[in-house]
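Residue-level structure breakdown
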Amino acid sequence: MNTHSPDFVTVDMRGLKAALVGHAQAHRESVSVLVRRAVARELGLDAVRPATDVEPLVAFRKDQVKLSIRLTTVEADRLAEGARQAGLSRGAYLAGLVAGVPVLTAGASRTDQVAVLTASNAHLADLSRNIHALTRLLTQSNVPRALVYRDMLDTLDGDVRRHLTQAAALLADLRPRGASAETSRRVSR
């Protein structure tokens, strides 16, 4: 006999259901896990994660299947912790491990690498704004104020190349091994 009494709440989504289900599908997690996390965040309980939060994924699309696996408690905890550290659902994390995503298989922090890429993108955006300001000053023939940007222009080539090299390396680490061959096969069909 089941003596477990889950806490259920019924909510009128008022037109948000499709977006909610789509978001859950995109993140490879159940709607319940997504809603619980959002409610916990809203209540300021971000750090609270029930130990019983091992809800199976439901097949959302025809190309997805539900997979049940048996793990020891330690293995399940390691899977959940790895997914949490990577900022992914357990399903997406496991799929990334199976696909050989280097950032996951090497034990590097996906979150840290995304943060580095975001910072590099922000730096590139600053350079773009500075070039726009410089162009505006030169159009106005305001050479003295334009000279402030001279040092930036001297290092611009290196800054852009450094960003592109860093972005390419980070993106390669976030992509499954062999993805380029698989992608080209899908495109050629």
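Residues numbered from 1 in each chain as written. Predicted model: local features only at pLDDT ≥ 70, side-chain atom pairs only at ≥ 80, totals over all residues. Heavy atoms only, no water.

**Focus: the overall build of the chain**
Within the chain, the secondary structure is distributed over nine helices and zero strands. Ordered by position in the sequence, the α and β elements of the chain form the string α-α-α-α-α-α-α-α-α. Buried positions account for 20% of the 189 residues belonging to the chain. Approximately 14,300 Å² of the chain is accessible, and the part contributed by carbon and sulfur atoms is 57%. (Helix = DSSP H or I, 4+ residues; strand = E, 2+ residues; numbered from the N terminus. Buried < 20%, exposed > 50% of the residue type's maximum accessible area, 1.4 Å probe, protein only. Areas by Shrake-Rupley, 256 points an atom, 1.4 Å probe, with all protein chains shown as cover.)

**Here's the deal with unusual backbone geometry**
Backbone geometry places R14, a non-glycine residue, at a positive phi of 50°. Given a relative accessible area of 73%, R14 falls into the exposed group. Positive phi, normally seen in glycine, also occurs at S141, with a value near 60°. By secondary structure assignment, the location of S141 is in the loop between α6 (110-139) and α7 (143-146).

**Observations regarding a nonpolar patch on the surface**
Residues V35, V39, L43 and L45 make up a contiguous nonpolar surface patch of about 330 Å² in total accessible area. Take L43: it is sitting in the loop between α2 (31-42) and α3 (73-86). On the basis of relative accessible area, L43 is assigned to the exposed category, the value being 58%. (Patch = residues over 30% accessible without salt bridge, like charges linked within 9 Å, V, L, I, M, F, W, Y side chains within 5 Å. Salt bridge = Lys/Arg side-chain N within 4 Å of Asp/Glu carboxyl O.)

**Here's the deal with α2**
Over its twelve residues, α2 runs 16 Å from end to end, which matches the ideal 16 Å to within 8%, given 1.5 Å per residue. Looking at the buried side of α2, the elements it contacts are α1 (17-26). G44 sits one or two residues past α2 and shows a positive phi near 75°. (Expected span 1.5 Å × (residues − 1). Contact = heavy atoms within 4.5 Å.)

**Things to note about the pattern of salt bridges**
Two side chains bearing opposite charge may form a pair once their charged atoms approach each other closely. Within the structure shown, the criterion is met by five salt bridges. Residue R162 pairs with D159 through a salt bridge whose shortest N-O separation is 2.5 Å. Taken together, the positions of R162 and D159, both in helix α8 (residues 150-174) and three residues apart, correspond to about one turn of that helix. The exposure class of D159 is buried, given its relative accessible area of 12%.

**Here's the deal with the side chain of S89**
Within the secondary structure, S89 sits in the loop between α3 and α4 (90-99). You can call S89 buried: its relative accessible area is 11%. Here A92 takes part through its backbone nitrogen, which lies 3.1 Å from a polar atom of the side chain of S89. When sequence neighbours within four positions are dropped, the list of residues in contact with S89 reads H27, R28, E29 and A83. (Polar contact = N/O pair within 3.5 Å; in protein donor to acceptor, adjacent residues only side chain to side chain.)

**A look at the nonpolar core**
Generally speaking, soluble globular proteins have nonpolar side chains that are buried together. Grouped together as the largest cluster of nonpolar side chains are eight residues: L127, A133, L134, L137, A146, Y149, M152 and L156. At the level of elements, α6 and α8 are the ones that each hand at least two residues to this core. At four residues, α6 tops the list of elements feeding residues into this core. With near-sequence residues (within four places) excluded, L137 lies in contact with N142, R145, A146 and Y149. Counting residues in hydrophobic clusters, the runner-up holds seven residues, among them A83, A86, Y93 and L104. (Core = buried A, V, L, I, M, F, W, Y, C linked by side-chain atoms within 4.5 Å.)

**Focus: the packing of α3 against α4**
At a minimum axis distance of 9 Å, the contact between α3 and α4 shows a crossing angle of 95°. Classified by the interaxial angle, the pair formed by α3 and α4 is roughly perpendicular. Note on element contacts: α4 touches α3 through R90, Y93 and L94, opposite L79, A80, G82, A83 and A86. Looking at side-chain class alone, the contact of α3 with α4 contains six nonpolar, one polar and one charged residues. (Axes fitted to C-alpha atoms, helices over the stretch in contact; angles between N-to-C directions. Parallel < 35°, antiparallel > 145°, perpendicular 65-115°, else oblique. Nonpolar A, V, L, I, M, F, W, Y, C, P; charged D, E, K, R; others polar.)

Functional significance is not addressed by these values, which are geometric in nature.
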